[in-house]
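Residues per chain are reported as follows:
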Amino acid sequence: MPDAKVIVRNNGPLRLEGQDIVITDQDGNVYNLAGRTLVSLCRCGQSATKPFCDGAHKQGFTSECQAYELPPPKPKA
Ligand code: FES
């Protein structure tokens, strides 16, 4: 059983659930999640608190996703 899970919410954020969630910026600086075991990341682009969801997607964002299998990764040259 994985210790972390990402749930793609229809018309909403990516919800991360886990005991040891670590989110960094591109330079490796860690966002202090203050012990949260549930965090929502914006995927609509409208949040004022990116990368976190602030509920702005409710003003109009449509994206319904169902799980599917990805093709194997291409070999690196
Ligand atoms: S997904 Fe919630 S504000 Fe973007």
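Residues numbered from 1 in each chain as written. Predicted model: local features only at pLDDT ≥ 70, side-chain atom pairs only at ≥ 80, totals over all residues. Heavy atoms only, no water.

1. Digging into the overall build of the chain
Of regular secondary structure, the chain possesses zero helices and three strands. Element order for the chain, N to C, with α for helix and β for strand: β-β-β. Taking 11 Å as the expected radius of gyration for a compact globule of 77 residues, we find that the chain reaches 15 Å, considerably beyond that expectation. Seen along its three principal axes, the alpha-carbon backbone of the chain occupies a region of about 40 × 30 × 30 Å. The 77 residues of the chain split such that 22% are buried. Within the structure as shown, the chain displays about 6400 Å² of accessible surface, and the carbon and sulfur contribution to it stands at 51%. Charge centroids of the chain, computed over 9 positive and 8 negative side chains, lie 6 Å from each other. (Helix = DSSP H or I, 4+ residues; strand = E, 2+ residues; numbered from the N terminus. Rg over C-alpha atoms; globule rule 2.2 N^0.38 Å. Buried < 20%, exposed > 50% of the residue type's maximum accessible area, 1.4 Å probe, protein only. Areas by Shrake-Rupley, 256 points an atom, 1.4 Å probe, with all protein chains shown as cover. Lys, Arg positive; Asp, Glu negative; His and termini not counted. Charge placed at Lys NZ, Arg CZ, Asp CG, Glu CD.)

2. A word on the sheet that holds strand β1 (residues 4-8)
Across the sheet, which stays open at both edges, the three strands sit in the order β1-β2-β3 with antiparallel pairing between neighbours. Pairing within the sheet leaves two strands with one partner each, and these edge strands are β1 and β3 (38-41). For this sheet, the mean inter-axis angle between neighbouring strands, taken without regard to orientation, is 20 degrees. Note: β1 against strand β2 (residues 14-18), five bridges, orientation antiparallel. If you follow Ala4 over to β2, its bridge partner there is Gly18. (Pairing = 2+ DSSP bridges. Axes fitted to C-alpha atoms, helices over the stretch in contact; angles between N-to-C directions.)

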